[in-house]
Amino acid sequence: MPEKEIFTVGVNRRLILKAGAYGACIFCLAPVTGCAFFQESNQETPADPKFDPASVSTKKGLIKSELSPWFSSLDDKAVRCELCPKSCVLPVGERGHCRVRENREGEGYTLVYGNPALVQEDPVERKPFFHVLPGSRALSISTAGCNLACKFCEVWDMALVSPEEVHAYDMPPEKVIALALEGNVPSISYAFGEPVVFYEYMCAIAEKAREAGLLNLMHTAGYINPEPLLALAEKLDAVNFDLKGFNAEFYREYVGGELETALENLKSFRDSGVHIEITSIVIPTVNDDMKIIGEMCRWIAEELGPEVPLHFARFYPLYRLSNLPRTPVSTLEKAREIALEAGLKYVYLAKVTGHAAENTFCPNCAEKVVGRVGFVIEELNLENGSCNFCGSDLPGLWA
Ligand code: SF4
């Protein structure tokens, strides 16, 4: 198999080892010396996966497609996609901005239903969820395609390509559930790529997962229309929302979307009652203005509440911003200080393995209730979400 295809086939333990042998990151295939996941945050997966997705064969190219209800009909057999704010209008034969939704003879299809390009079991902390079943493992699912275009995308060679350009599994929702149960994982995570673009597939899996007693976790930029958002939120248990900055111009230029839409959707997810965590990447010279970071933290505290966990993620040079340096740890620490001053109670630093800000401290007694080193839980002083030292309840899904 050519080296370039190792990642797009879908990551599994065997391929992790192979990619490692090439000295390339399993997520972005950048050299390990320049990669977000291997620099300083590099670590072994804590335990052996209980199943091996490599036992399921993969195929490059479209496997199958599914009619989607999220299209409306226009004149001349054109359709408009109602899934996200891009509102793509597609003449017959055309695809949307996300590359995975197509007009076929006047009907809208999703091209990635049942065709994940990534199937992988890994720690829930990698999703990243720090307030959901610490130390547990999740089955991650992702497909090709994305409705945004981040210049700092960490998974660009899966997310920013067409489904024909990746290897994918032929994996209907029932098979995903069977894999999760076989692996004895308590949750399914729609992550790595942008789950909004495999909405129909995600919803079908989520319904079956709930029936099977599994949690549904989503890591998303949340660029989706209100109606599908609400229908989806009913099926989810937790959302890690990528709030990529707090400046409208930055969002347009570096993300390809509207900040205001992201903020409204973040509030909608919060109002729906699902557990929310936020990830915010800090990129040197691009979105590291502490005044704006302060505005974002105050907005989170006021609009969502001070108990929403916030993860500041370190930027590493890749994709279209490979000319920029990685984020200094001091910058992340300053951002965290500002967030704490704004009243946020749980502020973490991501991809800075070994930093004290990976731990969870009880906001009432200040004791360490979850000790982490990267994705590994080293200490757990919580009983069903209550601090073992003072009995205070922490927000999250703990059992
Ligand atoms: S989901 Fe894709 S096709 Fe639909 S509006 Fe968004 S970018 Fe366009």
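All figures in this text were calculated on a predicted structure; none of them were measured in a lab.

### A look at the overall build of the protein chain
Stage number 1. Counting secondary structure elements, the protein chain contains 10 helices and 21 strands.
Stage number 2. Going through the 399 residues of the protein chain one by one, you find that 50% of them count as buried.
Stage number 3. Taking the contacts inside the protein chain whose residues are at least 6 apart along the sequence as the reference set, 67% of them involve residues at least 24 apart.

### Some remarks on the packing of helix 6 (residues 226-233) against helix 8 (residues 259-272)
Stage number 1. Contact geometry of helix 6 with helix 8 gives a least axis separation of 10 Å together with a crossing angle of 30°. Here helix 6 is positioned roughly parallel relative to helix 8, judged by the angle of their axes. Helix 8 is crossed by helix 6, and the crossing has right-handed handedness. Touching Pro226, Leu229, Leu230 and Ala233 of helix 6 are Asn265, Ser268, Phe269 and Ser272, all from helix 8.
Stage number 2. Residues of the contact of helix 6 with helix 8, tallied by class, amount to five nonpolar, three polar and no charged.

### Things to note about the sheet that holds strand 5 (residues 89-90)
Stage number 1. Pairing in this open sheet of three strands is antiparallel, and the strands run 3-4-5 from one edge to the other. Of all strands in the sheet, those with a lone pairing partner are strand 3 (71-73) and strand 5, marking the two edges.
Stage number 2. Two elements, strand 3 and strand 4 (residues 79-81), share three bridges in a ladder whose sense is antiparallel. Paired with Ser73 across the two strands is Val79, which belongs to strand 4.

### Brief notes about unusual backbone geometry
Stage number 1. A cis amide bond links Lys127 to the next residue, Pro128, at an omega of -5°.
Stage number 2. With respect to the helices and strands, the residue Pro128 is situated in the loop between strand 8 (118-123) and strand 9 (137-142).
Stage number 3. The backbone phi angle of Asn384 is positive, close to 50°, even though this residue is not glycine.
Stage number 4. Inspection of the secondary structure puts Asn384 in the loop between strand 20 (382-383) and strand 21 (386-387).

### Side note on the nonpolar core
Stage number 1. Of all hydrophobic cores here, the largest spans 106 residues; its most connected members are Ile188 and Leu310.
Stage number 2. Sort the elements by how many residues they give to this core and helix 5 (residues 199-211) lands first, with seven residues.
Stage number 3. When residues of this core are assigned to domains, at least three map to each of domain 1 (66-110) and domain 2 (120-357).
Stage number 4. Apart from the residues lying within four places of it in its own chain, the contact partners of Ile188 are Ala138, Leu139, Ile141, Val176, Ala180, Ile205, Ala209, Leu214, Asn216 and Leu217.
Stage number 5. By size, the runner-up hydrophobic cluster in this structure holds six residues, among which are Val369, Val370, Leu382 and Leu394.

### Details of the site of the ligand
Stage number 1. The ligand sits among Cys81, Leu83, Cys84, Lys86, Ser87, Cys88, Gly96, His97, Cys98, Arg101, Asn147 and Val197.
Stage number 2. The residue inventory of the shell around the ligand, partitioned by class, reads six nonpolar, four polar and two charged.

### Thoughts on the sheet that holds strand 16 (residues 347-350)
Stage number 1. Pairing is mixed in the open sheet, where eight strands are placed in the order 8-9-11-12-13-14-15-16. The open sheet has two edge strands, strand 8 and strand 16, and neither has a second partner. If you compare each strand with its neighbour and ignore which way they point, the axes differ by 20° on average.
Stage number 2. Sheet analysis places strand 14 (residues 275-282) next to strand 15 (residues 310-314), joined by five bridges and oriented parallel.

### Observations regarding the confidence of the model for the protein chain
Stage number 1. Looking at the protein chain, the pLDDT average stands at 89 and 86% of residues meet or exceed 70.
Stage number 2. In the model, residues 1-48 has pLDDT below 50 throughout and makes 96 contacts with residues more than four positions away in sequence or in other chains.

### Describing helix 7 (residues 248-255)
Because each turn of an α-helix spans 3.6 residues, side chains separated by three or four positions in sequence point in the same direction.
Stage number 1. Inspection of helix 7 places Tyr251, Tyr254 and Val255 among the buried residues, and these make up the whole buried set. In a view along the axis of helix 7, the buried residues occupy a sector of 100°, so they form one face of it. For helix 7, exposure combined with an orientation more than 90 degrees from the buried face picks out Ala248, Glu249, Arg252 and Glu253.
Stage number 2. Downstream of helix 7 by a residue or two, Gly256 has a phi angle that is positive, lying close to 90°.

### Some details on the pairing of strand 9
Stage number 1. When you tally the buried positions in strand 9, you get six out of six residues, the bulk of the element.
Stage number 2. Covered by surrounding structure in strand 9 are Arg137, Leu139 and Ile141 together with Ala138, Ser140 and Ser142, the residues of both alternating faces.
Stage number 3. With six bridges joining them, strand 8 and strand 9 adopt antiparallel strand pairing. Looking across to strand 9, one finds that Val119 is bridged to Ile141.
Stage number 4. Sheet analysis places strand 9 next to strand 11 (residues 187-190), joined by four bridges and oriented parallel. Paired with Leu139 across the strands is Ile188, a residue of strand 11.

### A few points about the environment of Val255
Stage number 1. Take Val255: it is sitting in helix 7.
Stage number 2. Classification of Val255 as buried rests on a count of 22 C-beta atoms within 10 Å.
Stage number 3. Put simply, Val255 and Cys150 are 105 residues apart on the chain and 4.1 Å apart in space, counted from C-alpha to C-alpha.
Stage number 4. With sequence-adjacent residues up to four places away left out, Val255 is seen in contact with Leu148, Cys150 and Lys244.

Quick notes on the rules
- Residues numbered from 1 in each chain as written.
- Predicted model: local features only at pLDDT ≥ 70, side-chain atom pairs only at ≥ 80, totals over all residues.
- Helix = DSSP H or I, 4+ residues; strand = E, 2+ residues; numbered from the N terminus.
- Buried ≥ 20, exposed ≤ 12 C-beta atoms within 10 Å, placed from the backbone.
- Contact = placed C-beta atoms within 7 Å.
- Axes fitted to C-alpha atoms, helices over the stretch in contact; angles between N-to-C directions.
- Parallel < 35°, antiparallel > 145°, perpendicular 65-115°, else oblique.
- Left-handed = near helix turned anticlockwise from the far one by under 90°.
- Nonpolar A, V, L, I, M, F, W, Y, C, P; charged D, E, K, R; others polar.
- Pairing = 2+ DSSP bridges.
- Core = buried A, V, L, I, M, F, W, Y, C linked by C-beta atoms within 7 Å.
- Domains from an automatic or database assignment.
- Near = placed C-beta within 6 Å.
- pLDDT = per-residue confidence, 0-100.
- Arc of directions from axis to C-beta.

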